[in-house]
Every structure is written in structure tokens, then in C-alpha cells.
Amino acid sequence: MAQIQEPTTLSPSSLGALDPRIAIPTYDRRGLGGGIVHIGVGGFHRAHQADYLDDLCTAGLRTWSITGAGVLPQDATMATALGAQDGLYSLITRSRQRTDVKVIGSIVDYVLADVDRSLLVDRLAEPSTRIVSLTVTEGGYPVDVATGQPTGTSPVFAAIAEGLRRRHDDAIPPFSVMSCDNILHNGTVTRAATINAAADIDSAVARWVEAEVAFPSTMVDRITPVTAPSDRQWLLDEFGLIDQWPVVAETFRQWVIEDVFTNGRPPWEDVGVLLTDDVEPYELLKLRILNAGHSTLAYLAALAGFEFVDEVMRDAVFAGFLDMFLDREARPVLPPVAGVDVADYKRVVVDRFANPAIRDQVSRLCLDGSSKFPVFLIPTVERQLAGDGHVELSALALAGWCQYLLGRDDEGRAIDTAADPRLELAINHAEASIADPAAFLRFAEVFPPAVAAHEGFRTAFTTALDSIRKNGARAAVAESAHRQEGP
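Predicted model, so just to flag it, every value in this text is computed and none were measured.

Trainee: I'd like to hear about the overall build of the chain, residue by residue, with values.
Mentor: Tallying secondary structure elements over the chain gives 20 helices and 13 strands in all. Taken against the 2.2 N^0.38 rule, which gives 23 Å for 487 residues, the C-alpha radius of gyration of the chain at 23 Å falls within 12% of a compact globule. With the C-alpha coordinates aligned to their principal axes, the bounding extent of the chain is approximately 65 × 60 × 45 Å. The long-range share in the chain, meaning contacts at least 24 apart out of those at least 6 apart in sequence, stands at 77%. Total accessible area computed for the chain in this model is approximately 19,500 Å², and 50% of it derives from carbon and sulfur atoms. Across the chain, the 42 positively charged side chains and the 66 negatively charged ones have centroids separated by 2 Å.

Next up, the structure:
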């Protein structure tokens, strides 16, 4: 461990005093142009989009930077942390072999609009804003993905629509709206949500948005655990650096963007981003392998008492379950992806899950189940059922979620059932399953009628749930995997 004399608080004036092992911005942040307003600044955005732009700025780009924005009361904590450090924060990247730290400088401002939405609308209406990007979670889009019809209101899309209305009325070219959330066809979903919100304001604005605004789809990937107190302490102990909110990530990162923009974009391709006219194959690959893999493990692992994903992957029963799910149920119903060896992609994903340096939290993967399962796993179930294929391991994962919602692990310890946009409804269905296990399948927001009514799937689900309740999650996983062995 390095010997530190005096701790240093992260700020623009302290950059030159930081430990030389920490990479710092070498560009003049005050001279950057604007261009991007990002709504939903959390760990992932700061480890992903902001990191890519920081690399571009380091390479000499001067015409783009990011203004972060938040619209929820809980965003005040991020506003305070970034405000105190003038947008600076540490990105800690951890592989099995080494850990690196660099200070990211691409976020130059932050707008907190949890009380007064006009603060964000004013920024969106500025001509310098050319892209509005989003990481608001899968549950943050008030749209029925299948129909495009509104399912409620959203302060995020209300602000975006109002900003576009102002630009329409003032004859300012529109900005592009780019989702960076794990939703298939996230550009199409974002387009529907924005047009719906604009129609609530003015039908003429809605028509203008429909005709003039670009909504590029994206696929984003980087495992980013929740920042823990130990991460802050590690920075202090190792480097003498006080950072209110560092972010930790794996070294792997990937970004695929549909190359359609209304008002220009940064040259992301210069730092390894894939620009394409068809994101869907990459979306499907990542959602059905990585995201579905996370979700199939998460609730069963929580029931078994695991805290970190790498610990789960060191358990032969759970690692075998994941491997079998991916090979037997997920991969066979994936379309081919040009230039990608899907078997190799799966091996890389499994290795990333097992990285002991990341310490990704099982509890993080248990967030928003009712939003994630319909996107990550149910399509695999539907395709397998259509071909009279295998669904037993998917059914076990969903049974694990049902049991998790009852709030106790296999040892009777309380579980924090985590955030979910439909948490009360989900718990109600889980409680109904105590008397009738198949009652959970009446959770229509997750299970399409054809899935819920399919006799084979119902049997697989109820058998799995019964096994979890009688024997515990780990034993149920072992039993299910054993039944699936063979041709």
C-alpha cells in the first residue's frame, strides 16, 4: 500500500496533486462545447457513455461535453456529489490482474429538476443541446412495448416533450433522443414515449417530433456494481483520494449505436463504438445472454444467501445451471449475429460474471424484476414453447423470483425485495401462489396469455416452485439441472 501523507479531496484545483498513478483529464474542461444532456446519471452512465466521451476529449475533441440531469428526489445525492467536485469523479476499473483509476472530466454540469422541471426544460431548449440521452431503467418508459400506447406519465418524457415544444416554437432544430437502457428496440420505445408526451402538449408538436426527431437505438454493456463504502475507503487508503462518489466497473465495455442523428454526434467510432444501421442483432444477443443470465441467477442466488455474483459462479451447482440455461434454452433461439461467434460470446460473458475483482452485488441484479423478465427472459420462453423446446430452467428462474418476493431466503432471513415499478402487484401475486402456485402466472404484466396458459410451462413452473419451497433454492437448482442432463 502506498504511504500517503495528506488526503486530497477531488476537485479541479487538486488534480495536479493527485497520486501520479491516477490518470487525470489532460484537456481544458472549461473550453469544451456542450451538446449532450444526459438524464439519469448513475453508476452505469458514468462508467460507460461518460468514459467514452472522456476518451474522445483526451484525444482532442473540444466540441462535446455532458450536462447531467436528474428529475427524481433521490437524484439530489448525485447532484450534491458531482456539484462538490465540479463534475469530476474517479472511475475504478478492475480486471483479474490489475486495478486502474482515472478521473473522468466529460461531465461539466448538472441540472437537478426534481422540484422545478423548468430548469431541465431550459437546458433542453438551448440550441447547443444536440443529443438528449437516457439511462432511466427499463421501468422508466411509460409505454406498452408491444403496442406503443402510453401506460402513464413520466417527468422525464414530459420534460423532453416540453423542451422540444420550445424548440419547435422558436424554430430551433430538434435534438436527437438516445436511450441507453436495456430495452429491445429502445429507440422505437423512446420515440413512442416522446411522441405520446408531446401529444399531451400539442398535436402539431407531436407531428413535428414524429417527422423531425431521430431516436437511435443502442446496445450498451459494462458490468458496473453499486459503489460500496469500501470502494471509497480503498481510494483513500491506496491513493489518499477523497471522492464522494467514485464508480467501479470491469475493463470490458461495448457500445453499439444506430447511426441516425438529427443534429450531429461525437465521432464515437474513434474510441471503439460500433455505428451501424441495425442494432437489433446485438441487442438480442446481449439481452438474451448477459442480461437474462444475470436475472436467471439473481433471485435463486439471493434465496441461497449469496451476496456477490463471483461467489455464485464459484458454486459448481449454480455455474452449471447458468451454463446449461444459456446452451439449452437461450442460445438455440437466438438469430445469428454477423461477425460474432455466439458460443465464444457466451464464454466471455460467463468469465465476466466470475471476475472476483468486480464484486458485483446479487442485490443489484434483483432490481426491477417485473420490467426485466418480460424483456430478458420471456421472449426466450415464447420461442422455446413455439418450437416445443426446453423451458424448465427459465421456469425455475421465474419460480425463484416468485419465492424471493415473499421476503425470506432459504434460512428464513429477511430479504430486501428491492425496487420494482410494480413491486406491490408482484408481491400480491407471489402471496397468492402460496395457496395456488400457478396464481403467480396470472401476473399479466410479465406473463403473456400464451405463456401463462401453456400446460407444459405451468407444470414446469409449479414443479420448480414446489421444489424451492420444499428443498431450498440450491437443491432445486441441482435437481433441475440433473433432470435436464442428457440429449
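Once you've had a look at it, read on.
Trainee: Just give me the short version of the packing of aromatic side chains, but keep the residues and values in it.
Mentor: For the structure on display, the rule yields 16 aromatic pairs. Plain terms: the ring middles of Phe447 and Phe457 are 6.4 Å apart, the flat faces sit at 45° to each other, and that makes the pair tilted. Here Phe447 is found in the loop between α17 (423–432) and α18 (449–452), whereas its partner Phe457 is found in helix α19 (residues 455–471), with ten residues between them in sequence. The pair formed by Phe447 and Phe457 is uniform in burial state, with each residue classed as buried. One aromatic cluster is present, formed by Tyr299, Phe373, Trp401, Tyr404, Phe440, Phe443, Phe447, Phe457 and Phe461 through successive ring pairs. For the cation-ring pair, Arg253 lies above Tyr52, with the distance from its terminal atom to the ring centre recorded as 3.8 Å. Over the ring of Phe252 we find Arg352; its NZ or CZ atom is 3.8 Å from the centre of that ring.

Trainee: Tell me about the side chain of Thr417, and name the residues and values.
Mentor: Positionally, Thr417 belongs in the loop between α16 (392–404) and α17. Apart from the residues within four sequence positions on either side, Thr417 is in contact with Tyr404, Leu405, Gly407, Leu423 and Ile427.

Trainee: Could you give an account of the packing of helix α14 (residues 369–376) against α16, naming the residues involved and the relevant values?
Mentor: Relative to each other, α14 and α16 sit at 175°, their axes nearing to 12 Å. When the axis of α14 is compared with that of α16, the two are roughly antiparallel. Every residue of α16 that contacts α14 at Gly369, Ser370 and Phe373 is listed here: Ala397, Leu398 and Trp401. When the residues that make up the contact of α14 with α16 are grouped by side-chain class, the tally is four nonpolar, two polar and no charged.

Trainee: If you had to explain the sheet that holds strand β5 (residues 99–104) to someone new, which residues and values would you point to?
Mentor: Taken in spatial order, the three strands make up an open sheet running β5-β4-β11, and their pairing is mixed. Among the strands making up the open sheet, the edge pair consists of β5 and β11 (247–250). Shown here is a sheet whose adjacent strand axes are inclined to one another by a mean of 25°, direction ignored. Running over the sheet, helix α8 (residues 229–239) touches β4 (89–94), β5 and β11 and is turned about 95° from β4.

Trainee: If you had to explain the packing of helix α4 (residues 118–125) against helix α5 (residues 155–169) to someone new, which residues and values would you point to?
Mentor: One can describe the packing of α4 onto α5 by two numbers: an axis separation of 8 Å at closest approach and a directional angle of 45°. Relative to α5, the element α4 is oriented oblique. Crossing hand, α4 versus α5: right-handed. Between α4 and α5, the residues in contact are Leu120, Val121, Asp122, Leu124 and Ala125 and Ala159, Ile160, Glu162, Gly163, Arg166 and Arg167, respectively.

Trainee: Please provide a residue-by-residue account of the sheet that holds strand β9 (residues 218–221), values included.
Mentor: Ordered by their spatial adjacency, three strands build an open sheet running β9-β12-β13, and the pairing between neighbours is mixed. Two strands close off the open sheet at either side, each with one partner strand: β9 and β13 (274–276). The sheet shows a mean angle of 15° between the axes of neighbouring strands, direction not considered. Sheet topology places strand β12 (residues 254–258) next to β13; three bridges connect them, and they run parallel. If you follow Glu258 over to β13, its bridge partner there is Thr276. The strands that helix α9 (residues 280–303) touches are β9, β12 and β13; relative to β9, the one it contacts most, it runs at about 40°.

Trainee: An account of α4 is requested, with residue identities and associated values reported.
Mentor: Quick reminder: α-helices carry 3.6 residues per turn. Residues three or four places apart thus point the same way. Of the positions making up α4, those classed as buried are Leu120, Val121, Arg123, Leu124 and Ala125. Buried residues along α4 sit against β2 (35–39), β3 (65–70), β6 (107–112), β7 (131–134) and α5.

Trainee: Which residues make up helix α12 (residues 342–353), and what are the values?
Mentor: For α12, spanning twelve residues, the distance from its first C-alpha to its last is 17 Å, which sits close to the expected 16 Å at 1.5 Å a residue. Turning to α12, its buried residues are Val342, Ala343, Tyr345, Lys346, Val349, Val350, Arg352 and Phe353. Of the surrounding elements, those touching the buried residues of α12 are β9, β11, β12, α9, α10 (309–313) and α11 (316–330).

Trainee: So what's going on with the environment of Val156? Which residues, and what values?
Mentor: Along the chain, Val156 turns up in helix α5. Residue Val156 is classed as buried on the basis of its relative accessible area of 7%. As a C-alpha pair, Val156 and Leu72 span 84 residues in sequence and 9.1 Å in three-dimensional space. Those residues in contact with Val156 that lie beyond four places of it in its chain are Ile39, Val71, Leu134 and Val136.

Trainee: So, the nonpolar core: which residues are in play, and what are the values?
Mentor: Core analysis: the biggest nonpolar cluster contains 80 residues, and Trp401, Phe447 and Phe457 have the highest contact counts within it. Sort the elements by how many residues they give to this core and α9 lands first, with 14 residues. Excluding its chain neighbours within four sequence positions, the residues that come into contact with Trp401 are Tyr299, Gly369, Ser370, Phe373, Asp420, Ala426, Phe440, Phe443 and Val446. Grouped together as the second largest cluster of nonpolar side chains are 35 residues, Val111, Leu134, Ala198 and Val213 included.

Trainee: Summarise unusual backbone geometry; cite the residues concerned and give the values.
Mentor: A positive phi angle is found at Arg359, which is not glycine, with a value near 55°. Structurally, Arg359 can be placed in the loop between α12 and α13 (362–365). Residue Arg359 is classed as partly exposed on the basis of its relative accessible area, which comes to 30%. At Asp388, a residue that is not glycine, the phi angle is positive and equals roughly 55°. Residue placement: Asp388 occurs in the loop between α15 (378–386) and α16.

Conventions and cut-offs
Residues numbered from 1 in each chain as written. Predicted model: local features only at pLDDT ≥ 70, side-chain atom pairs only at ≥ 80, totals over all residues. Heavy atoms only, no water. Helix = DSSP H or I, 4+ residues; strand = E, 2+ residues; numbered from the N terminus. Rg over C-alpha atoms; globule rule 2.2 N^0.38 Å. Contact = heavy atoms within 4.5 Å. Areas by Shrake-Rupley, 256 points an atom, 1.4 Å probe, with all protein chains shown as cover. Lys, Arg positive; Asp, Glu negative; His and termini not counted. Charge placed at Lys NZ, Arg CZ, Asp CG, Glu CD. Phe/Tyr/Trp six-rings, centres within 6.5 Å; stacked < 30°, edge-to-face > 60°. Buried < 20%, exposed > 50% of the residue type's maximum accessible area, 1.4 Å probe, protein only. Lys NZ or Arg CZ within 6 Å of the ring centre and 35° of its normal. Axes fitted to C-alpha atoms, helices over the stretch in contact; angles between N-to-C directions. Parallel < 35°, antiparallel > 145°, perpendicular 65-115°, else oblique. Nonpolar A, V, L, I, M, F, W, Y, C, P; charged D, E, K, R; others polar. Pairing = 2+ DSSP bridges. Left-handed = near helix turned anticlockwise from the far one by under 90°. Expected span 1.5 Å × (residues − 1). Core = buried A, V, L, I, M, F, W, Y, C linked by side-chain atoms within 4.5 Å.

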